[in-house]
Amino acid sequence: MASSLWILLVGVLFMVSGTMGVPPRKPVAVPFGRNYVPTWAFDHIKYYNGGSNIELHLDKYTGTGFQSKGSYLFGHFSMQIKMVPGDSAGTVTAFYLSSLNSEHDEIDFEFLGNRTGQPYILQTNVFTGGKGDREQRIYLWFDPTKDYHSYSVLWNLYQIVFFVDDVPIRVFKNCKDLGVRFPFNHPMKIYSSLWNADDWATRGGLEKTDWSKAPFVAAYKGFHVDGCESSVEAKFCATRGKRWWDQKEFQDLDSYQWRRLAWVRSKYTIYNYCNDRSRYPTMPPECRRDRDV
Ligand SMILES: *[C@@H]1O[C@H](CO)[C@@H](O)[C@H](O)[C@H]1NC(C)=O
């Protein structure tokens, strides 16, 4: 009796985990200074808890930003951010990976602020070989100014996945066979910054930054980086194919993750270049592969 109950229990657990999806490895919360250095306006970055938490401050004189010490080819990169609360219209908080060479690769999260009580927009983009124009825009299903949420990128030779907490909000599959360049040979650094972009950010630039509300403050923690570190000149990662993010379960989304992505697309998407026929009369090739059909 006991043993058959046990088998039933194990069976149920197995079924549950079988539908759960495989999120990337749990990020380890590490202090800012382990992986990052300020890029500009050093005095506008404030440190707390021995550097486990930081704040970026934007005022009418300047914004600020930071970057990773290392350059990476593939891996999993995440950050926990609490966006600028209250009236954040005109401000943009960005978290991105970029190779910064002439034909650069870039993976972007941009959080566009808004008037008090109005929703943020999360804009994402992917540049490969210097070509971008792949914007997607969504609303979030929570208020990103109330708590820390994790924003992360999984990048391997098969796909780039954007996660908000454990939810995939975007996937860019390797479509080299369809003639689309995929980032694979230019190491990227990780960047984050807070700046004024009231010429375009909020309602297309109609809402201006209200400087009487400055400073605008974005809070960060959990500076997790798990990537193949390489010099900027390196063309490949020596351990490629052997790291956890290269393994089978991270080469594609599973059915649970595809369903979550479909949920984000149907309920929260404002704009997706894949569906913009005035801009792209035929669907860009990578868009055909970014869905589960
Ligand atoms: C700001 O709020 C307005 C009104 O609700 C909305 O149309 C817009 O999409 C929101 N976000 C941004 C970044 O403009």
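For every chain, the first residue of the written sequence is number 1, and numbering continues from 1 onward in sequence order. Local features in a predicted model are, by the rule used here, given only for residues with pLDDT of at least 70; side-chain atom pairs are given and counted only at 80 or more, and totals for whole chains, interfaces and linings are based on all residues. To get the side-chain values, all heavy atoms of the structure are used, and hydrogens and water are removed first.

### Notes on helix H3 (residues 255-268)
Numbered from the N terminus, helices here are DSSP runs of H or I no shorter than four residues, and strands are runs of E no shorter than two. A helix is expected to span 1.5 Å for every residue after the first. The end-to-end C-alpha separation of H3 is 19 Å, in line with the 20 Å expected for 14 residues at 1.5 Å each. Only protein chains enter the accessibility calculation, which uses a 1.4 Å probe. A residue is then buried if its area is under 20% of the maximum for its type, exposed if over 50%, and partly exposed in between. Within H3 the residues assigned to the buried category are Gln 257, Trp 258, Leu 261, Val 264 and Tyr 268. The buried residues of H3 occupy one face: seen down the axis, they fall within an arc of 140 degrees. Set apart from the buried face of H3 by more than 90 degrees, the exposed residues are Ser 266 and Lys 267. Residue contacts are defined here by distance: any two heavy atoms, one from each residue, within 4.5 Å place the two residues in contact. Against strand E9 (136-138), strand E11 (159-164), strand E12 (167-173) and strand E16 (269-272) lie the buried residues of H3. Arc, as used here, means the arc of the directions from the helix axis to the C-beta atoms.

### Regarding the nonpolar core
In these notes, a set of buried Ala, Val, Leu, Ile, Met, Phe, Trp, Tyr and Cys residues joined through side-chain atoms within 4.5 Å is what counts as a nonpolar core. Counting residues in hydrophobic clusters, the biggest one holds 61 residues, and the most contacted among them are Phe 66, Phe 109, Tyr 151 and Trp 155. Residue contributions to this core peak at 6 residues, all from strand E5 (residues 71-82).

### Observations regarding the packing of aromatic side chains
Think of it this way: a Phe, Tyr or Trp ring, Trp meaning its six-membered ring, pairs with another when their centres are within 6.5 Å, and the plane angle makes it stacked under 30 degrees, edge-to-face over 60, tilted otherwise. Using the criterion set out here, one finds 25 aromatic pairs in the structure. For the pair Phe 109 and Tyr 151, a centre-to-centre distance of 6.2 Å together with 70 degrees between the ring planes defines the contact as edge-to-face. With Phe 109 in strand E7 (residues 106-112) and Tyr 151 in strand E10 (residues 149-155), this residue pair connects regions lying 42 residues apart in the sequence. Taking relative accessible area as the criterion, Phe 109 reaches 0% and is therefore assigned buried. Here Tyr 151 falls in the buried class, since its relative accessible area comes to 0%. With a centroid separation of 5.8 Å and 55 degrees between ring planes, the pair formed by Trp 141 and Tyr 268 is classed as tilted.

### Regarding the UniProt feature "glycosylation site" (unreviewed entry) in the protein chain
UniProt positions are given in the numbering used here, feature names are shortened, and annotations may be inferred rather than shown by experiment. Under the UniProt annotation, "glycosylation site" (unreviewed entry) lies at Asn 114. With respect to the helices and strands, the residue Asn 114 is situated in the loop between E7 and strand E8 (121-127). Discounting chain neighbours no more than four positions away, the residues touching Asn 114 are Gly 86, Asp 87, Ser 88, Ala 89, Pro 119 and Thr 202.

### Focus: the side chain of Thr 62
Locating Thr 62 in the fold gives a position in the loop between strand E3 (53-58) and strand E4 (64-68). Here the side chain of Thr 62 touches Trp 40 through a polar contact of 3.4 Å, side chain to side chain. With sequence-adjacent residues up to four places away left out, Thr 62 is seen in contact with Trp 40, Ala 41, His 44 and His 57. Think of a polar contact as two N or O atoms within 3.5 Å of one another; within protein, one of them needs to be a possible hydrogen donor and the other a possible acceptor, and neighboring residues in sequence only count if both atoms come from side chains.

### Remarks on the site of the ligand
Proximity is defined per residue: any heavy atom of the residue falling within 4 Å of a molecule or strand makes that residue near it. As a matter of local geometry, the ligand sits amid Leu 112, Gly 113, Asn 114, Gln 118, Pro 119, Ile 121, Tyr 139, Ala 201, Thr 202 and Arg 203. Between an oxygen atom of the ligand and a side-chain N or O atom of Asn 114, the distance comes to 2.5 Å. Arg 203 places a main-chain nitrogen or oxygen 2.8 Å from an oxygen atom of the ligand. Computed with a 1.4 Å probe, the accessible areas rest on the Shrake-Rupley method; for each residue, only the protein chains presented here act as cover. In the complex, 75% of the free accessible area of the ligand, which totals 360 Å², lies under the protein chains. Split by residue class, the shell around the ligand holds 5 nonpolar, 4 polar and 1 charged. In this count, Pro and Cys sit with the nonpolar residues alongside Ala, Val, Leu, Ile, Met, Phe, Trp and Tyr, while Asp, Glu, Lys and Arg are called charged and the others, Gly among them, polar.

### Brief notes about unusual backbone geometry
Look at the link from Ala 214 to Pro 215: it is a cis peptide, with omega at 0 degrees. Within the secondary structure layout, Pro 215 lies in the loop between strand E13 (189-196) and strand E14 (216-221). Although it is not a glycine, Ala 41 sits at a positive phi angle of roughly 50 degrees. Assignment of secondary structure puts Ala 41 in the loop between strand E1 (36-40) and strand E2 (45-48). At Arg 203, a residue that is not glycine, the phi angle is positive and equals roughly 45 degrees. Looking at the element boundaries, Arg 203 is found in the loop between E13 and E14. Take Arg 203: its relative accessible area is 55%, and that puts it in the exposed class.

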